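For reference, the chains in residue letters:
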Amino acid sequence: MRNFLEISLNHPAHYITFGPFSVSAGNLSIIIAMMVIFTLALFMPFPNHEDHKVKGSKK
Amino acid sequence: MRRELSSVDPSKKWSGPVREYDLIKELVVAVVVVGLLALTLAALFSSPDEKALTMNSWSHEAPADFVQTAAAELAGTTTSASYGPPYNKNGEGQNIGPINLSKLAGVRIPIDPANSFVIEPLKSQSDPITTAAVSQWLAAPSKEQSSWANAYSDALLKDGKALTLTDAAGMYGPVPTLVTALYAMAKSGALDGALTTSDTTLPTNFTKPLLFLGDSGTYFPDKASAQHLSGDQWGVMNETGSWPGQSWLWLYSFWYQIEPFKSSGNADILVMSLMGILSLGLLLLPILPVLPRIPYWIPVHRLIWRNWYNKKKN
Amino acid sequence: MSEKISWTGRVRSATLEKFEPEDLLPDHQPAYVASWIYVFGVATLAAFVMLIASGLYLTLEGPAWWHTSSVGHYVNSVHLWSVELFFVFMVVHLWGKFWMAAWRGRRLATWITGCLAFFTSIITGFTGYIIQSNFDSQWISTQAKDGFNAMGIGAFFNTLNTGQAILLHVSLLPLVLGAIVVWHVILVRRRGVVPPIEVGGE
């Protein structure tokens, strides 16, 4: 029941082990993605909007 | 190094410069972008669905292990037979100092493995040999029951040839008949139903089959180790196949890998308590000493608000 | 005058009157709210929307459906990847708020409700993992029971009782999590986005 796009993950996982730490490639990818996203969010320039000196009028 | 910056009172409502913003538009764009991302990831990577184990698959794939476990349930020597609360009073549970929370909660899910996993299902059988064996078992005093079952269980462990053991010395009583009948029930698929529908016809509670399967010496744990799911393999956060699992449980899994938790008989209660304390620490971090100062010492906020600080400086 | 002593009047002054329409549905933000780190709160909410949507689809078809239907398997995959995205965005949001010391200025309750949402999500996720009715759920539930039993919780929440876990995952926990999230968002709107850490200022 695989679709044409699918990249199969249905095989034994690869594990990265150092000392007491052992992490599956799947979990490690998620953790690395999280750190990359965080770093990008800090460094990527945010589109600059015009600052308004006075707050928009309410009613 | 004080700069010429006006000190902002963060509890006051903001009255400084503002920028255009659209809350509803932001939410809609976020749902569309994240939604497309989820739909794409799902199409690319799918999700795991490794077939569940059953009494049926157990009896077919590992008959010796099934028979040995069933005999051990009658002998009362399995993990669940000596578990303690919430299942029975045959074990102590885990302590943290002098406190035993499982005993305080009491036996709320009564399970007597010999009865629940073996005798009760066999009561549904109508052939006279099984019926007679069940009656003989039930009529015997518990000392005799355990001597039969232990003798048979020990012989099985030595011999390994399940079901062909002869009872020359008459030491096993009805136990071989009971175990053989249970094995036949498992092979036919009837045991799966019997263990889940004893209380109600809607099978929603898998406590009995899963505790029984959990007592298995090789079948269940070997399948798990092969998938890198055991407790000493950071199992809780892992997933079958190569999919990512509950990586957010990394800290919980971590404690089980190191001493003193690794070899402690009270590991579960110790790790759970430690995680409780750490979670409370995260919750109350703003009012703890030292920790809330870290963002001031390592000024990541200079990066986040760099435009603002630059503008202020000029 | 009478509105102040009636129950309804008190609730109104404790809730609605604390807000101006502009606070609840703002079309302006302080000028310092200009960084990509600010999108992860709303991204977490968006992943939550996807979780509810895919979860409702799975609910409508019943717990066995996704094992036998290819559409069902795809919806289950959407549910799984929404969970992964939900946690990724939430953790990045948490990191961001930590480095902004976002609890400043009477925002402790916002921080606490955020943490409660995180913990409730972990429990909700866990109940989802143990109701898959496959090998993974069998193993996780038999392993996890020992932790809950040691805490005395296992006597009330039995990880091996799949029916109980399904009901918790599908009805009670999403309601609790949803309520905490709403509370958290209302607190954010009530107090506004925390201003920058100023030199010399706390």
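Keep in mind that what you see is a predicted model, and the values were worked out from it rather than measured.

S.K.: How do you make sense of the interface of chain B and chain C when you look at a structure like this?
M.R.: Accessible area lost during the coming together of the parts is what is often quoted as the interface size. Every contact between the two is made by 101 residues of chain B and, on the other side, 96 residues of chain C. Together chain B and chain C conceal approximately 8,600 Å² of surface at their shared face, both sides included; 69% is due to carbon and sulfur atoms. Among the residues of chain B in contact with chain C, B:Pro10, B:Trp248 and B:Trp305 are the three that bury the most area, contributing 9% of the side total. Our count for the contact surface shared by chain B and chain C stands at two salt bridges. If one sorts the elements of the side of chain B that touches chain C by residue count, helix α1 (residues 23–45) of chain B sits on top with 15 residues. Two elements, strand β1 (residues 18–20) of chain B and strand β1 (residues 28–30) of chain C, share three bridges in a ladder whose sense is antiparallel. The partner of B:Glu20 across the bridge, within β1(C), is C:His28.

S.K.: Explain the pattern of salt bridges to me, please; I cannot follow it from the model alone.
M.R.: Pairing is possible between side chains of opposite charge, provided their charged atoms come close. Tallied over the entire structure, the rule returns eight salt bridges over all chains. In this structure, the salt-bridge partner of B:Lys12 is B:Asp9, at a minimum N-O distance of 3.3 Å. Using a relative accessible area of 35% as the deciding quantity, one classes B:Asp9 as partly exposed. A salt bridge links B:Glu61 to B:Lys223; the nearest nitrogen and oxygen atoms lie 3.0 Å apart. Of this pair, B:Glu61 sits in helix α2 (residues 55–61) while B:Lys223 sits in helix α11 (residues 219–226), and the two are 162 residues apart along the sequence. According to the relative accessible area criterion, B:Lys223 is partly exposed, its value standing at 32%. Among the ionic contacts, a cluster of salt bridges with common partners joins B:Lys13, C:Glu20 and C:Asp23.

S.K.: Would you mind going over the domain arrangement of chain B with me for this structure?
M.R.: Residues and elements named next belong to chain B. As assigned here, chain B comprises domain 1 (55–226) and domain 2 (247–283). Between the C-alpha centres of domain 1 and domain 2 there is a distance of 32 Å. Each side of the interface is counted separately: domain 1 has four residues, and domain 2 has seven residues. Buried surface at the junction of domain 1 and domain 2, summed over both partners, amounts to about 450 Å²; 54% is from carbon and sulfur atoms. When residues of domain 1 are sorted by the area they lose upon contact with domain 2, Gln94, Asn95 and Ile96 head the list and together hold 92% of the total.

S.K.: I keep staring at the confidence of the model for chain B and nothing clicks. Help me out?
M.R.: If pLDDT is low for a region, its predicted coordinates should not be looked at in detail. For chain B, mean pLDDT is 90; residues scoring 70 or higher make up 95% of the total. Counting contacts from residues 1–5 of chain B, a segment whose pLDDT is below 50, to residues more than four positions away or on other chains yields nine contacts.

S.K.: Can you walk me through the interface of chain B and chain A in this structure?
M.R.: Taken together, the contacts link 31 residues of chain B with 31 residues of chain A. Buried area between chain B and chain A, both sides added, is near 2,800 Å², and the carbon and sulfur share of it is 58%. Across the contact surface, chain B and chain A share zero salt bridges. Here chain B is connected to chain A by eleven residue pairs in polar contact (both at pLDDT 80 or more). The class makeup of the residues in the side of chain B that touches chain A is 15 nonpolar, eleven polar and five charged.

S.K.: Could you clarify how one ought to interpret the pairing of strand β2 (residues 21–24) of chain A in this entry?
M.R.: Looking down a regular strand, the side chains alternate between one sheet face and the other. Residue and element names in this part refer to chain A. Judged from the four bridges that link them, strand β1 (residues 15–18) and β2 form a sheet pairing that is antiparallel. Counterpart to Phe18 in the pairing with β2 is Phe21. With antiparallel pairing between neighbouring strands as the criterion, β1 and β2 make up a hairpin whose turn holds two residues, including Gly19 at a positive phi of roughly 60 degrees.

Cut-offs and rules
Residues numbered from 1 in each chain as written. Chains lettered and ligands numbered in written order. Predicted model: local features only at pLDDT ≥ 70, side-chain atom pairs only at ≥ 80, totals over all residues. Heavy atoms only, no water. Contact = heavy atoms within 4.5 Å. Buried area = accessible area lost by both parts, 1.4 Å probe. Salt bridge = Lys/Arg side-chain N within 4 Å of Asp/Glu carboxyl O. Helix = DSSP H or I, 4+ residues; strand = E, 2+ residues; numbered from the N terminus. Pairing = 2+ DSSP bridges. Buried < 20%, exposed > 50% of the residue type's maximum accessible area, 1.4 Å probe, protein only. Domains from an automatic or database assignment. pLDDT = per-residue confidence, 0-100. Polar contact = N/O pair within 3.5 Å; in protein donor to acceptor, adjacent residues only side chain to side chain. Nonpolar A, V, L, I, M, F, W, Y, C, P; charged D, E, K, R; others polar.

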